[in-house]
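Chain and residue survey
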Amino acid sequence: MPPTLPDFSNSVNLKYVKLGYHYLVDHFLTLTLTPVMIGIVVEIVRLGPDELLNMWNSVHFDLIQLLCSSFLLVFIATVYFMSKPRCIYLVDYACYKPPVTCRVPFATFMEHSRLILSNNPKSVEFQMRILERSGLGEETCLPPAIHYIPPKPTMEAARGEAEVVIFSAMDSLFEKTGLKPKDIDILIVNCSLFSPTPSLSAMVINKYKLRSNIKSFNLSGMGCSAGLISIDLARDLLQVHPNSNAVVVSTEIITPNYYQGKERAMLLPNCLFRMGGAAILLSNRRSERRRAKYRLVHVVRTHKGADDKAYRCVFEEEDREGKVGINLSKDLMAIAGEALKSNITTIGPLVLPGSEQLLFLLTLIGRKIFNPKWKPYIPDFKMAFEHFCIHAGGRAVIDELQKNLQLSAEHVEASRMTLHRFGNTSSSSLWYEMNYIESKGRMKKGDRVWQIAFGSGFKCNSAVWKCNRTIKTPTGGPWDDCIDRYPVHIPEVVKL
Amino acid sequence: MELFFLLLCIPILYLFFILWKRVNDSRDQQCYILDYQCYKPSDDRMVGTEFCGEVIKRNKNLGLNEYKFLLKAVVSSGIGEQTYAPRIMFSGREECPKLEDGILEMEEFFCDSIGKLLSRAGISPQEIDLLVVNISMFAAVPSLSSRIINHYKMRSDIKSFNLTAMGCSASVISLDIIRNVFKSYKNKFALLVTSESLSPNWYAGNNRSMILANCLFRSGGCAILLTNNKALKHKAMFKLKCLVRTHHGAIDESYDCCVQKEDDEGRTGFHLSKTLPKAATRSLVDNLRTITPKILPFRELLRFMVVSLVKKWNIRHGSSPKGAPQGPIKAGVNFKSGVEHFCIHTGGKAVIDGIAASLDLSDYDLEPARMTLHRYGNTSASSLWYVLAYMEAKKRLKKGDRVFMISFGAGFKCNSCLWEVTRDLGDGNVWKDEVHRFPPKTLVNPYMEKYGWIQDEDPSTFKIPED
């Protein structure tokens, strides 16, 4: 019988050793300076108040010297504060909540599938199997045009969907923040697969009568990570333009992109992508410091396009019958893992505490010099972040990341529940997840959030936010009416 | 006290260091064009009016009225006989384009232009830090920026942006992104790729306002290499002085004048409404009002202010006739005092003439734009760069000259920017071998006579001629 009890006590000891080590390294500066400070205080107390007074009087101060030095101090302080990079605040954001009439429960979806693909029972079977294992719930939504049998993806309907999603999210954002349309200085809209002329950004400008000197940008084709690319662009612009507001609108318009053929690999996106959108208000105004929800700390972008396999793994193409759809390759998970590793290599040194970095460095040196067989040390990101928002690309993506980053079920709960309730809403899913964490009352001041998104090309982008104030529930978001039902247990396979 | 002064030195030195760093950083924030390469498609893609006539005839949905309208448009558009069309027009499949037609069209363009640009500049693709691609009417997954990154194996930490649907003024919008990113990062290279995708956007119906777009756009594109590294200042061609964007989307009439939508039969096309010139003028005036104070010398602004005050005073005291015809909106300012060359978006003859009237330009100033329209047609966002290349080929650009670029776009946008030439230029780019033939003796379309008769035909007895 293997002795289990000694192992248990060993592991407890090890845990305390680890904790002690981390505490020591992270608070190194404090721990070294505190004795010095104590020494100085003891010395001052020893000297006695009379001697201190004598020392003070012996230092003569001319008026001019006093003025000069105080002026110098003020000047240096001003220059220092002015040359710091501006703080980018996320004032608030709003997610689109689709109406109940657009719901697509499993039964509806399968009935549609059977009617449209009546000549291809194998494809219907495939869709059923995907849906069973997808991790989606019964309340995800598709736009009205797709509810038709067969779907009616006209440009009119696509514009209609865009208007409903974007305008609802914007209206909600205006209401929550009290922002006036005339105060928007920068507008960035990202929607991957639908870009009518005039652009969606022009559509927003027209609807809300925004100013004529607004800086608007319309990004498209950049996949599910486009939301973070837009945040990156907004950050660069806000560094250059002082006292400005930037609105970022992330969405994906499903209507024109519903695959109408029968190739199996291309039917997969139909099962996963759902209606959704988010509008985010970023600002660099000092006055927003009080009420902003988050502060942007880092944005790191990684593009694996140079590798052909990575480039081809999410590809829009025509099938044999000429119908356009998105082909997802089987290596998607492996490529996502690789891209994540690249991204982590850049973001690690920026966010990990000193103790983790030291360990990583030591193991790296050890592997290089002593023994290459040493296991590579995977830094513990749970020490750097309190919350994780992993793009709800699909169950497999979340599982893969949970394994790679060694996260617990609670860390990925936001992602899994968003996938269940809203489906894969592409670039806006990160904001639904953020809202989930807030609605659960878990977001406290000082918490750090890591948003990770993958996209076609193949990109892996991540953003780090720091919570600026404890967020009270209810948040006025899309989870308000159903947060009490969550978390739900999502079985491996839902039998249909 | 000596100790005190000695200690004072430290913060003073630190202060100077900080000030010097800030000045140094601001010098690094300038945006320079190192080189640019316009796209000249192969000769087998050349189309003339005759070919256009054939293509128009191919469309079974068009009747006599539409023929008349279109041929009149093509013949009087200012577009010459040597413009380029996408390959799909030659295989006759323009009404049913496939996804790969659009992709191949773009790949042909950027393999040519970007390849030439990078090899001439001596920069390897791995040195590019920022890639901005703007191609209005094409959206695919993965984006064209990803395609370029894959083709040239660019670095994984590249910043890429893919702009779409921003119309013919998207070049200047991409420049805005590059300029802003350059202010936050030092010593970066940026690649701007601009073009227009024509293959998937042919309109197959017969709605009058939509078929015009078919005949006006031509193939073209440009790749531009920019940097903010001041060590390369001596190699640079142009320096960006200022950039102004105006967006009139808030005005419903401006927003609706250029819309992509479906006609009554469900065919997607580009609707150009009759209010387009008015919207263009309005946004032009607004844009000029903002950029003029930034580019003209103080003396000229002062003079303009005095003149306009005098005019107002005159009108108030009734000494000038109130009912005087306004004519085309004249700015009243002498733009030549601050700008030597004008790069006008070649949207069409009317656009160029309209801007000429507003800015009070001579034929010499308009020659580059008119010649570009004649030789390359309306290549949408990249047209500005062809006009610039013409000026360079004609050896007009000398060090210290200022070039004013202005373009319009759907939405309705008017964007403009001012460049300063940093060294004498004379390379010529795509115009190199033929610029001596320009301007030609006559710009009249040779098919005016051949197709002029169509104006007199009676619709009831009209039969398509066999020739």
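Residues numbered from 1 in each chain as written. Chains lettered and ligands numbered in written order. Predicted model: local features only at pLDDT ≥ 70, side-chain atom pairs only at ≥ 80, totals over all residues. Heavy atoms only, no water.

**Quick word on the overall build of chain B**
The condition that has to hold: Going along the chain from the N terminus, every DSSP run of H or I of four or more residues is numbered as a helix, and every run of E of two or more is numbered as a strand. Classification of residues uses two cut-offs on accessible area relative to the type maximum, computed with a 1.4 Å probe and protein chains only: under 20% is buried, over 50% is exposed, and between them is partly exposed. It only takes one pair of heavy atoms within 4.5 Å for two residues to be counted as in contact. Reported accessibility uses the Shrake-Rupley method at a 1.4 Å probe radius. Residues are deemed covered only where the shown protein chains occlude them. His is not counted, nor are the chain ends, whereas Lys and Arg count as positive and Asp and Glu as negative. For this purpose, a charge sits on NZ of Lys, CZ of Arg, CG of Asp or CD of Glu.
Regarding its fold elements, chain B presents 14 helices and 13 strands. The principal-axis extents of the C-alpha atoms in chain B amount to approximately 110 × 70 × 45 Å. Considering chain B as a whole, with its 467 residues, one finds that 56% of them fall into the buried category. Once local pairs closer than 6 in sequence are excluded, the contacts in chain B between residues at least 24 apart make up 81%. Counting only carbon and sulfur atoms, one obtains 58% of the accessible surface of chain B, whose full area is about 19,900 Å². With 62 positive and 51 negative side-chain charges, chain B shows a spacing of 8 Å between the two charge centroids.

**Describing the confidence of the model for chain B**
Residues and elements named next belong to chain B. Which entries qualify depends on this criterion: Summary of the metric used: pLDDT quantifies the predictor's per-residue confidence within the range 0 to 100.
Across chain B, the average pLDDT comes to 85, with 90% of residues at 70 or higher. Within the model, the stretch residues 322-329 combines pLDDT values under 50 with 6 contacts to residues more than four positions away or in other chains. Confidence over residues 462-467 falls short of pLDDT 50; this stretch has 10 contacts with residues more than four positions distant or in other chains. In the predicted assembly, ipTM is 0.87 and pTM is 0.88.

**Some words on the UniProt feature "transmembrane region" (unreviewed entry) in chain A**
Operational definition: UniProt positions are given in the numbering used here, feature names are shortened, and annotations may be inferred rather than shown by experiment.
Taken from the UniProt record, the annotation "transmembrane region" (unreviewed entry) applies to residues 20-42 and 63-82 of chain A. Taken as a whole, residues 20-42 of chain A contains 96% helix and 0% strand, while its terminal C-alpha atoms sit 28 Å from one another.

**Topic: the packing of helix α3 (residues 64-75) of chain B against helix α7 (residues 208-216) of chain B**
Residues and elements named next belong to chain B. The line we're drawing: In this description, a line fitted to the C-alpha atoms serves as the axis of each element, helices being fitted only across the stretch in contact, and the angle between N-to-C directions of two axes falls anywhere from 0 to 180 degrees. Any angle that falls under 35 degrees is termed roughly parallel, while one over 145 is termed roughly antiparallel, one within 65 to 115 roughly perpendicular, and all others oblique. Two helices cross in a left-handed way if the nearer one is turned anticlockwise from the farther one by less than a right angle. They cross in a right-handed way if the turn is clockwise. The classification used treats Ala, Val, Leu, Ile, Met, Phe, Trp, Tyr, Cys and Pro as nonpolar, Asp, Glu, Lys and Arg as charged, and all other residues, Gly among them, as polar.
The geometry of α3 relative to α7 is characterised by a closest axis approach of 10 Å and an angle of 40° between their N-to-C directions. By the angle between their axes, α3 is oblique relative to α7. Handedness of the α3/α7 crossing: right-handed. Across the interface between the two elements, Asn65, Glu66, Phe69, Leu70, Ala73 and Val74 from α3 touch Arg208, Ile211, Leu212 and Cys215 from α7. Grouping the amino acids of the contact of α3 with α7 by side-chain chemistry returns 7 nonpolar, 1 polar and 2 charged.

**Quick look at a positive patch on the surface**
Basically, it comes down to this: Patch membership is restricted to residues that have no salt bridge and whose relative accessible area is over 30%. Joining uses 9 Å for like charges and 5 Å for the nonpolar side chains Val, Leu, Ile, Met, Phe, Trp and Tyr. Salt bridges are identified by distance alone: a Lys or Arg side-chain nitrogen within 4 Å of an Asp or Glu carboxyl oxygen.
On the surface, Lys84(A), Arg286(A), Arg289(A), Arg290(A) and Lys445(A) cluster together to form a positively charged patch. Examined against the element boundaries, Arg289(A) turns out to sit in the loop between β5 (276-283) and β6 (294-303).

**Notes on the UniProt feature "active site" (unreviewed entry) in chain A**
We apply this condition: Each polar contact in these results corresponds to two N or O atoms within 3.5 Å; when the atoms are within protein, one needs to be able to donate a hydrogen and the other to accept it, and residues that are neighboring in sequence are counted only if both atoms are side-chain atoms.
Look at the UniProt record and you will see "active site" (unreviewed entry) annotated at Cys224(A), His303(A), His387(A), His391(A), His420(A) and Asn424(A). Taking the farthest pair of C-alpha atoms as the criterion, the annotated set spanning 201 residues is dispersed, since that pair is 28.6 Å apart. Mapped onto the elements, His303(A) comes out in strand β6. Residue contacts for His303(A): discarding those within four places in its chain leaves Gly457(A), Phe458(A), Lys459(A), Ser146(B), Ile149(B), Arg155(B), Ser156(B), Ile158(B) and Ser160(B). A polar contact is formed between the side chain of His303(A) and the backbone nitrogen of Gly305(A), at a distance of 2.9 Å. If you trace the backbone, His387(A) turns up in strand β9 (residues 387-390). Only 3.3 Å separates the side chain of His387(A) from the backbone oxygen of Arg442(A), close enough to count as a polar contact.

**Details of the pattern of salt bridges**
A full pass over the atoms with the stated rule returns 45 salt bridges over all chains. A salt bridge links Arg45(B) to Glu108(B); the shortest N-O distance between them is 3.1 Å. You can see Arg45(B) sitting in the loop between β1 (32-38) and β2 (46-47) and its partner Glu108(B) sitting in helix α4 (residues 99-121), a full 63 residues away along the chain. For Arg45(B), a relative accessible area of 1% translates into the label buried. A salt bridge links Glu253(B) to Arg282(B), with the shortest nitrogen-to-oxygen separation between them at 3.1 Å. Taken together, the residues Glu253(B) in helix α8 (residues 252-255) and Arg282(B) in helix α9 (residues 276-295) connect sequence positions 29 residues apart. Owing to a relative accessible area of 31%, Glu253(B) belongs among the partly exposed residues under this scheme. Taken together, the shared-partner salt bridges connect Asp232(A), Arg235(A), Asp236(A), Arg301(A) and Lys159(B) into one network.

**Observations regarding the nonpolar core**
For the record, the criterion: Only buried residues count toward a nonpolar core, which is a set of Ala, Val, Leu, Ile, Met, Phe, Trp, Tyr and Cys residues joined through side-chain atoms within 4.5 Å.
Leu282(A), Trp465(A), Leu226(B), Phe238(B), Trp385(B) and Trp419(B) are the most contacted members of the largest nonpolar core, which totals 165 residues. Of the residues forming this core, the biggest block, 10 residues, is contributed by helix α8 (residues 155-177) of chain A. The next biggest cluster of nonpolar side chains, apart from the first, holds 55 residues, and it includes Leu131(A), Val351(A), Ala384(A) and Trp450(A).

**Here's the deal with empty space enclosed by the protein**
Going by this rule: Here the term cavity refers to a set of points on a 1 Å grid, laid over the protein atoms alone, in which a 1.4 Å probe fits but cannot get out; the term pocket refers to an open set having protein on both sides within 12 Å along at least five of seven lines, with lining residues being those that place an atom within 4 Å of a point. Grid points are joined across faces, edges and corners, and a volume is the space filled by probe spheres set on the points.
Counted by the stated rule, this structure contains 6 cavities of 30 Å³ or more. Roughly 210 Å³ of volume is contained in the largest cavity. Along the wall of the largest cavity there are 18 residues; nearest its centre are His112(A), Ser113(A), Ile116(A), Tyr258(A) and Asn270(A). Among the elements of the structure, α5 (106-116), α7 (144-147) and α11 (264-272) of chain A are those that each provide at least two residues to the lining of the largest cavity. Broken down by element, the lining of the largest cavity gets its largest block of residues, 5 residues, from α5(A). As a volume, the second largest cavity reaches approximately 50 Å³. The wall of the second largest cavity is formed by Val55(B), Ile56(B), Asn59(B), Leu62(B), Leu70(B), Trp202(B), Tyr203(B), Ile211(B), Asn214(B) and Cys215(B). Elements that contribute at least two residues to the lining of the second largest cavity include exactly α2 (49-58) and α7 of chain B. Looking at the lining of the second largest cavity, the element that brings in the most residues is α7(B), giving 3 residues.

**Here's the deal with the interface of chain B and chain A**
The condition is simple: In short, buried area is how much 1.4 Å probe accessible area vanishes from two parts on joining, totalled over both.
Counting from both sides, the interface comprises 65 residues of chain B and, opposite them, 65 residues of chain A. Both sides together, the interface formed by chain B and chain A hides about 5,500 Å², and carbon and sulfur atoms give 58% of it. Per-residue buried area on chain B facing chain A is highest for Val141(B), His247(B) and Tyr255(B); these three make up 12% of the total on that side. Where chain B meets chain A, there are 4 salt bridges. Its salt-bridge partner being Lys153(B), residue Asp308(A) comes within 3.2 Å of it at the nearest N-O pair. Connecting chain B to chain A are 31 residue pairs in polar contact (both at pLDDT 80 or more). Sorting the residues of the side of chain B that touches chain A by element identifies α1 (2-27), α5 (144-152), β5 (159-163), α6 (170-184), β8 (238-247), α8, β9 (258-262) and β10 (268-272) of chain B as the ones contributing at least two each. With 9 residues, α1(B) is the single largest residue contributor to the side of chain B that touches chain A.

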